[in-house]
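# Per-entry structural report
What follows is each chain in one-letter form.
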Amino acid sequence: MMAFSSLRSVSVDLNHDASLLIDIPDALCERDKVKFTVHTKTTLSSFQKPDFSVPRQHEDFIWLHDTLVETEDYAGLIIPPAPPKPDFDSPREKMHKLGEGEATMTKEEYTKMKQELEAEYLAVFKKTVQVHEIFLQRLSSHPVLSKDRNFQIFLEYDQDLSVRRKNAKEMFGGFFKNMVKSADEVLISGVKEVDDFFEQEKTFLLDYYSKIKDSTAKAEKMTRAHKNIADDYIHISATLNSLAADDMTANKNLNIILSLQKVEGRVASDQDLKLTELLRYYMRDIQAAKDLLYRRARALADYENSNKALDKARLKSKDIPQAEEHQRQCLQKFDKLSESGKKELTSFKGRRVVAFRKNFIEMAELEIKHAKNSVTLLQGCIELLKSN
Amino acid sequence: MSLCTELVLDITYHQVKAPLFLVAQDLTLFCICVNVQSQPASLAAEDISTNSNGPKQDSLFDDDPEDLFAEATEEVSLDSPERDVLLSDGPSPAITPITPPTSVITPRIGHTHDDMFTHSSFDEIEEEEGGDSFDIHISVSDPEKVGEYMTSMSLFKRSEFAVKRRFSDFLGLHSKLASKYLHIGYIVPPAPEKSIVGMTKVKVGKEDQSSNEFVEKRRSALERYLMRTVKHPILLKDPDVLQFLESSELPRAVSTQALSSAGLLRMVNKAADAVNKMTIKMNESDAWFEEKQQHFENLDVQLRKLHTSVESLVCHRKELSVNTAQFAKSAAMLGNSEDHTALSRALSQLAEVEEKIDQLHQDQANADFYLFSELLGDYVRLLTAVKGVFDHRMKTWQKWQDSQMLLQKKREAEAKLQFTNKPDKLQQAKDEIKELEGKVQQGERDFEQISKTIRKEVSRFEKERVKDFKTIIIKYLESLVQTQQQLIKYWEAFLPEAKAIS
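Residues numbered from 1 in each chain as written. Chains lettered and ligands numbered in written order. Predicted model: local features only at pLDDT ≥ 70, side-chain atom pairs only at ≥ 80, totals over all residues. Heavy atoms only, no water.

Heads up, the condition is: UniProt positions are given in the numbering used here, feature names are shortened, and annotations may be inferred rather than shown by experiment.
The name recorded for chain B in an unreviewed UniProt entry is Sorting nexin-2, from Oreochromis niloticus. Under the UniProt heading Sequence similarities (unreviewed entry), the entry covering chain B gives this text: "Belongs to the sorting nexin family."

An unreviewed UniProt entry lists chain A under the name Sorting nexin 5, with Oreochromis niloticus given as the organism. As its UniProt record puts it under Sequence similarities (unreviewed entry), chain A is described as follows: "Belongs to the sorting nexin family."

Structural data, given as structure tokens:
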């Protein structure tokens, strides 16, 4: 069991409207399940209390996300991407391997490696809390979504949500998933695009998505290599210390290696948060933007079909008023989607630029800080060695 | 004014074209530039002759059938597969004149680390022995720089000279030295390993990164090997060493014995076996030897472990470099795709920064390897020689004891013969006894000599090791500092770009 509570920096810039403030002050990790404490502070009368907390599981977040996606009224909005499932597989596997290799290491080495793994575990934990929190904060800062009834239930309902979740599943089933599968085809094969803005956006988003997906993967590999180096430093420092025990060559000054390991580890985790996580988040966000485009494309297709149906009806002189009504509705829906879609995509770009800027600056500053720290440590050690 | 010598050693690599019909063993020639310098020193006068064990060596050219060394030596002939053989179906390698290795062979060793490879100096401490002080200062420098000297040392005929040597020549030198000095207690530095795979690639003319790296690795190893050898006060004066350094042409033996590291290990193991088979357990009257042996055992274990960890570090750092390069490319693509102008530019800048950082990681990995990893590898091999020397001492003791036991038996036999009437046999017995007495005395002297030598050698070795490690570790840490300082520069240049996004 692991408990966690503190403040974290947010990788997404949000306008925090004081009327509805949400955060996840702590979470519990019980075996495989993470229990988040969702805390709400509000001045809105629609809520029963001004300040309250509820426990929620990851599945509850997914339910909320899917419900929002399926809501017709929100078809013209970018629904914030669902937080990914908490994944402790990597540190768990490493912990297991460490346990197996315990005999080959000195006690000190083993302790240090274990500490590192615990830190990794904690980092994964922190990240998952952060990403769940951001999801809720995106919702609370959206003028339309923040008023959603299900959102309110999610925040307020003090009972277990699992019953509601089951009902939702029965209702929607795999509908959403099926839609997504053919979405790319809808977009690409497409319906003739009438609007330049959307034509451009489509081209841009499709291309950008594949590029950012690639960058995310490559950034992840970089981070992992950094971690491997940090681990190597642990082994090296442990052996040097054993040498120092009965040998004057590797004198205690070589605790430098251990300090370097700490720095390297921190470089790795900072890069992970500021770069890899940033890229990963926006990859998912772009997917959400793409989903918006799909829905609009579908609406356009529906409208065109309704036109054809109306023409047919006129030819046959049958059911004309229904066909006209249907066509009118489709057009209305399409226009509404286009209008809100344009707004959403424009503000999305702004959000993206701001977030990238913030993270790049922070990443550069941290890299400089760590490198300066390393230089100081190293130079101190070199001085000591030379003077000996 | 008293003088001390400076021996400047520099090994560069030349690949030579060979006619196709010649099945040569080894086409790579290494050029050794030797610059002998003299300059005033504050130390006592050098007196080479008193310090030399030279003349005695000849007597120890053993035809002793029990010489373990003879069995362990690889008899390598021209046609032996062990020798590097030119693949007759491959094209002959072109002449690639290669100047100082740092700038050409491994072009990725960046300028930041130029100093390390071309201007490293090793200060040898004074050798305290019988009053004379001998200060050898060896520095590795650019061949062009070789030129500052005054007068030559009496050991060498000229003050500045260059010779070309094959890899097998180095191995040949080592085998000669090993056969002369190992079994009397001198720690002879082992020669670098042979590598048929690596060498074949180079031969076939493959001009890729890995064969360049192989060549550089070998050149560096040979340089370290030779420097360790000449730093040894006894070995430096050995005529084979002097000939190796000076002669324009080395005699090419028909069958050269090349004792590889593996061969050395086999030899050591055989000595160890002999020790295990000893009927009389050696009564170690001198705790020093037992202590030192234990110490070296432990050191061996730790160094091997450390070597493995450092090799892992090199590997991961190379991986990081590759991953960084890939990310840089990906970020550049992303920047191209980005439609917000300022962000697009920032992403391109980020890609550039990461590309430079990739180079940094590559350089650092080289430093990790050439400074740290290779040092450890050298010492793991050196410790094999050290262990061998201890085992030889045991063997020498055994020999002495055997002679003593034989003498005892002969004496008993002679005593019995006294009561028989066989004057011939008696005389024979007395003669044998006299001979054996001589052998016993010699055995005792040998044992004492080897013990004395080992003590000296171990003391020198330990001092050398401490110095070596300290110097290299400082260099390595300095390389890390350089990397970090470069990182600071790169990120500080990127920061305004990031801030410029609006």
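### Re the overall build of chain A
Let me state the cut-off plainly: Strands here mean DSSP runs of E at least two residues long; helices mean DSSP runs of H or I at least four residues long; both are numbered from the N terminus. Only protein chains enter the accessibility calculation, which uses a 1.4 Å probe; a residue is then buried when its area is under 20% of its type maximum, exposed when over 50%, and partly exposed in between. Working rule for contacts: check all heavy atoms of both residues, and any pair within 4.5 Å makes them a contact.
A tally of helices and strands in chain A yields 10 helices and four strands. Counting only residues that meet the buried cut, chain A has 52% of its 388 residues in that class. Across chain A, the fraction of contacts at a sequence separation of at least 24, relative to all contacts at a separation of at least 6, is 76%.

### Describing the confidence of the model for chain A
Cut-off, in case you're wondering: For every residue, the pLDDT score states the predictor's confidence, bounded by 0 at the bottom and 100 at the top.
A residue-level look at chain A finds 85% of positions with pLDDT of 70 or above and a mean pLDDT of 84. In the predicted structure, residues 1-11 of chain A sits below a pLDDT of 50 and forms 38 contacts with residues beyond four places in sequence or in another chain.

### Some details on the side chain of Thr276(A)
Along the polypeptide, Thr276(A) turns up in helix α9 (residues 256-316). With near-sequence residues (within four places) excluded, Thr276(A) lies in contact with Thr216(A), Ala219(A), Glu220(A), Thr223(A) and Gln271(A).

### A few points about empty space enclosed by the protein
Cut-off, in case you're wondering: Only protein atoms enter the 1 Å grid, on which a cavity is a set of points fitting a 1.4 Å probe that cannot get out and a pocket is an open set with protein on both sides within 12 Å along at least 5 of 7 lines, lining residues being those with an atom within 4 Å of a point. Grid points are joined across faces, edges and corners, and a volume is the space filled by probe spheres set on the points.
Applying the stated criterion across every chain yields a total of 14 cavities of 30 Å³ or more. Size it by volume and the second largest cavity reaches roughly 270 Å³. As for the second largest cavity, its lining consists of 24 residues, of which His226(A), Glu264(A), His361(B), Gln484(B) and Leu487(B) are closest to the centre.

### Some remarks on the confidence of the model for chain B
All names here are of chain B. For chain B, per-residue confidence averages 69 on the pLDDT scale, and residues scoring 70 or more make up 58% of the total. Least confident of the elements in chain B is strand β4 (residues 121-123), whose mean pLDDT is 24; most confident is helix α10 (residues 287-337), at 93. Across residues 1-6, confidence stays below pLDDT 50; counting only partners more than four residues off in sequence or on other chains, it has 26 contacts. Segment residues 35-154 is flagged for pLDDT under 50; beyond a separation of four residues in sequence, or across chains, it makes 269 contacts in the model. Predicted complex, confidence summary: ipTM 0.86, pTM 0.75.

### Here we look at the pattern of salt bridges
Residue and element names in this part refer to chain B. To keep it simple, the criterion reads: Take a side-chain nitrogen of Lys or Arg and a carboxyl oxygen of Asp or Glu: if they are within 4 Å of each other, that pair is a salt bridge.
Tallied over the entire structure, the rule returns 46 salt bridges over all chains. A salt bridge links Glu-457 to Arg-460, with the shortest nitrogen-to-oxygen separation between them at 3.6 Å. One end of the pair, Glu-457, and the other, Arg-460, are both in helix α12 (residues 423-499), three residues apart, so they sit about a helical turn from each other. The buried category is assigned to Glu-457, whose relative accessible area is 4%. Where Arg-465 meets Glu-462, a salt bridge forms, and the shortest distance between an N and an O atom there is 3.0 Å. With Arg-465 and Glu-462 both in helix α12 and three residues apart, this pair spans about one turn of that helix. Across the pair, Glu-462 and Arg-465 agree in class, each one buried. What you see here is one network of salt bridges that share partners, running through Arg-224, Arg-228, Glu-374, Asp-378, Arg-381 and Asp-468.

### Comments concerning the packing of aromatic side chains
Stated formally: Classification of ring pairs rests on two measures: the distance between centres of Phe, Tyr or Trp rings, Trp counted by its six-membered ring, which must be within 6.5 Å, and the angle between planes, read as stacked under 30 degrees, edge-to-face over 60 and tilted in between.
According to the stated counting rule, one finds 25 aromatic pairs over all chains in the structure shown. Where Phe356(A) meets Phe360(A), the ring centres are 5.6 Å apart and the plane angle is 80°; that geometry is what we call edge-to-face. You can see Phe356(A) and its partner Phe360(A) sitting in helix α10 (residues 320-387), four residues apart, about one turn around the helix. On the numbers, 6.1 Å between centres and 75° between planes, the contact of Phe289(B) with Phe390(B) is edge-to-face.

### Details of the environment of Ile79(A)
Residues and elements named next belong to chain A. Within the secondary structure, Ile-79 sits in the loop between α1 (58-70) and α2 (89-100). Residue Ile-79 is classed as buried on the basis of its relative accessible area of 3%. Discounting residues that sit within four places of it in the chain, Ile-79 has contacts with His-65, Leu-68, Val-69, Tyr-74, Leu-145, Ala-288 and Arg-295.

### Quick notes on the interface of chain A and chain B
Let me state the cut-off plainly: By definition, the buried area sums, over both parts, the 1.4 Å-probe accessible area that each loses when the two are put together. Pairing of N or O atoms within 3.5 Å defines a polar contact, subject to two protein rules: one partner must be a possible hydrogen donor and the other a possible acceptor, and residues neighboring in sequence count only if both atoms are side-chain atoms. Amino acids outside the nonpolar list (Ala, Val, Leu, Ile, Met, Phe, Trp, Tyr, Cys, Pro) and the charged list (Asp, Glu, Lys, Arg) are all regarded as polar, and Gly is one of them.
Taken together, the contact between chain A and chain B spans 59 residues of the former and 56 residues of the latter. Summing the contributions of chain A and of chain B, the shared interface buries around 5,200 Å²; its carbon and sulfur component is 71%. Remark: the boundary between chain A and chain B carries six salt bridges. The closest approach of N and O atoms between Glu478(B) and Lys386(A), which form a salt bridge, is 3.0 Å. Our enumeration of links across chain A and chain B arrives at 17 residue pairs in polar contact (both at pLDDT 80 or more). Elements with a minimum of two residues in the side of chain A that touches chain B: α8 (196-245), α9 and α10 of chain A. Broken down by element, the residue count for the side of chain A that touches chain B peaks at 24 residues, all from α8(A). A class-by-class count of the residues in the side of chain A that touches chain B yields 30 nonpolar, 12 polar and 17 charged.

### Re the nonpolar core
A general feature of soluble globular proteins is that nonpolar side chains tend to end up buried together. The line we're drawing: For the purposes of this section, nonpolar cores are sets of buried Ala, Val, Leu, Ile, Met, Phe, Trp, Tyr and Cys residues that join through side-chain atoms within 4.5 Å. Residue ranges labeled as domains rest on an automatic or database domain assignment.
Judged by nonpolar contacts, the single largest core of 129 residues is most densely connected at Ile212(A), Leu275(A), Phe356(A), Phe360(A), Leu303(B), Leu477(B) and Trp491(B). Sorting elements by how many residues they give to this core places helix α11 (residues 341-418) of chain B first, with 24 residues. Composition of this core by domain shows at least three residues from each of domain 1 (1-176) and domain 2 (178-198 + 218-387) of chain A. Core analysis: the second largest hydrophobic core is formed by 33 residues, Cys29(A), Phe88(A), Phe151(A) and Phe154(A) among them.

### Considerations on the pairing of strand β2 (residues 20-30) of chain A
Residues and elements named next belong to chain A. Spelled out, the test is: A pair of strands counts as paired when DSSP detects no fewer than two bridges linking them.
Pairing analysis gives nine bridges linking β2 to strand β3 (residues 33-42), with the strands arranged antiparallel. Among the inter-strand pairings, Asp-26 is bridged to a residue of β3, identified as Thr-37. The antiparallel pairing of β2 with β3 creates a hairpin that spans two residues between the two strands, and Arg-31 there sits at a positive phi of about 55°.

### Describing the domain arrangement of chain A
Residues and elements named next belong to chain A. Domain annotation of chain A identifies domain 1 (1-176) and domain 2 (178-198 + 218-387). Every contact between the two is made by 35 residues of domain 1 and, on the other side, 38 residues of domain 2. Notably, a salt bridge pairs Glu-72 with Lys-333, separated by 3.3 Å at the nearest N-O pair. At the level of secondary structure, the elements contributing two or more residues to the side of domain 1 that touches domain 2 comprise α3 (107-140) and α6 (175-181). Broken down by class, the residue content of the side of domain 1 that touches domain 2 amounts to 17 nonpolar, seven polar and 11 charged.

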